[in-house]
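Letter by letter, the chains look like this.
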Amino acid sequence: MYRVFVPVVLALALSGCGTSSYSLMANLSPSSGQPTPKASRGYETGSLDQAPRRTVAKADDKAPKGSFEKAATGALADRDYSGTRLDAEKARELINAYRKQKGLRPLKLQPALTEAARMHSRDLAKWDRISHFGSDGSNPWDRVKTAGYNAKLAAENVGTGQVTIEEVIKGWQASPGHNKNLLIADADHMGIALVHDAKTEFKTFWTLVIGSPKS
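Residues numbered from 1 in each chain as written. Predicted model: local features only at pLDDT ≥ 70, side-chain atom pairs only at ≥ 80, totals over all residues. Heavy atoms only, no water.

Caption draft 1: Representation of the overall build of the protein within the structure. A count of helices and strands for the protein gives 5 helices and 13 strands. By the burial criterion, 51% of the 215 residues in the protein qualify as buried. Intrachain contacts of the protein at a sequence separation of at least 6 include 75% that bridge at least 24 residues. Element-wise, carbon and sulfur atoms account for 50% of the exposed surface of the protein, whose accessible area totals about 10,200 Å². (Helix = DSSP H or I, 4+ residues; strand = E, 2+ residues; numbered from the N terminus. Buried < 20%, exposed > 50% of the residue type's maximum accessible area, 1.4 Å probe, protein only. Contact = heavy atoms within 4.5 Å. Areas by Shrake-Rupley, 256 points an atom, 1.4 Å probe, with all protein chains shown as cover.)

As structure tokens, this is what we get:
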């Protein structure tokens, strides 16, 4: 019942009008990045002109309908989260060790990306769901910009229900789309956050943001 959501890659175009590009799309087939256990919906690259018209889920929630998942009641009640913690340096070391295996340069922890990850994990926990949309209607690019990171490229992975950082990274590695984000060759920085709320059905809300700044 734990989840990793279809990943996001948002890049600033280097030619033409130079706007960020994204579109909402369902990614439900195994060949398109569905992890085990299943993923749901999220972002992939596309055109701003193709961005979907947003439908408010309810009066105080600006996340589009169909852009998030909820957990079934009691689905994770038998899992032990008493030792769940996030050590950001350990997370960085694990991700960089994986990148090193693939011949890629290491990532540095970056405060603004950490803040972007933190604000999203907090929002997911508040609404007890998994999504790339915030309840204010924001997408990952919006949050990176709000946090003060002047990005030319940004990517986001999210996961819910995992007990340890090893578990969530393993899940991302097993999903082609999420794995692609972990292995972005041009990335320089990362930020990672965890919110653990025992009162929620999903229990844990992990967000990883990877990016590179404009030169």
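Caption draft 2: Expanded view of the nonpolar core. Formed by 19 residues in total, the largest nonpolar core has its most connected members in Ile95, Ile165, Met190 and Leu208. Among the elements of the structure, helix H1 (88-101), strand E11 (151-160), helix H4 (165-174), strand E12 (189-196) and strand E13 (204-213) are those that each provide at least two residues to this core. At 4 residues, H4 tops the list of elements feeding residues into this core. Contacts of Met190, omitting those with residues within four sequence positions, involve Arg92, Ile95, Leu107, Lys108, Leu109, Gln110, Leu113, Thr114, Leu208, Val209 and Ile210. (Core = buried A, V, L, I, M, F, W, Y, C linked by side-chain atoms within 4.5 Å.)

Caption draft 3: Just the side chain of Glu167, in detail. Within the secondary structure, Glu167 is located in helix H4. What makes Glu167 buried here is its relative accessible area of 18%. At 2.7 Å, the side chain of Glu167 and the backbone nitrogen of Val163 are in polar contact. (Polar contact = N/O pair within 3.5 Å; in protein donor to acceptor, adjacent residues only side chain to side chain.)

Caption draft 4: Focus on the pattern of salt bridges. Under the definition given, this model contains 8 salt bridges. Between Arg79 and Glu167 there is a salt bridge, and its shortest N-O distance comes to 3.1 Å. Of the two residues, Arg79 is situated in the loop between strand E8 (68-69) and H1 and Glu167 in helix H4; the sequence distance between them amounts to 88 residues. Residue Arg79 is classed as partly exposed on the basis of its relative accessible area of 28%. One salt bridge connects Asp197 with Lys199, and the closest N-O pair in it is separated by 3.2 Å. In this structure Lys199 comes out as exposed when scored by relative accessible area, which is 76%. (Salt bridge = Lys/Arg side-chain N within 4 Å of Asp/Glu carboxyl O.)

Caption draft 5: Spatial organisation of the packing of aromatic side chains. Within the structure shown, the criterion is met by 1 aromatic pair. Ring centres 6.2 Å apart and planes at 85 degrees place the aromatic pair Phe202 and Phe205 in the edge-to-face group. We classify Phe205 as buried; its relative accessible area is 0%. Arg129 extends its terminal NZ or CZ atom over the ring of Phe68, reaching a point 4.3 Å from the ring centre. (Phe/Tyr/Trp six-rings, centres within 6.5 Å; stacked < 30°, edge-to-face > 60°. Lys NZ or Arg CZ within 6 Å of the ring centre and 35° of its normal.)

Caption draft 6: View of the side chain of Gln162. Take Gln162: it is sitting in the loop between E11 and H4. Polar contacts involving the side chain of Gln162 include one to the main-chain amide nitrogen of Thr160, which spans 3.1 Å.

Caption draft 7: Highlighting the packing of H1 against H4. Direction vectors running N to C along H1 and H4 enclose 30 degrees, while the axes themselves pass 10 Å from each other. As summarised for this structure, H1 and H4 are arranged roughly parallel, according to the angle between their axes. The chirality of how H1 crosses H4 is right-handed. Listed contacts from H4 to Lys90, Ala91, Leu94, Ile95 and Tyr98 of H1 are Ile165, Glu166, Ile169 and Gln173. Its residues assigned to classes, the contact of H1 with H4 shows 6 nonpolar, 1 polar and 2 charged. (Axes fitted to C-alpha atoms, helices over the stretch in contact; angles between N-to-C directions. Parallel < 35°, antiparallel > 145°, perpendicular 65-115°, else oblique. Left-handed = near helix turned anticlockwise from the far one by under 90°. Nonpolar A, V, L, I, M, F, W, Y, C, P; charged D, E, K, R; others polar.)

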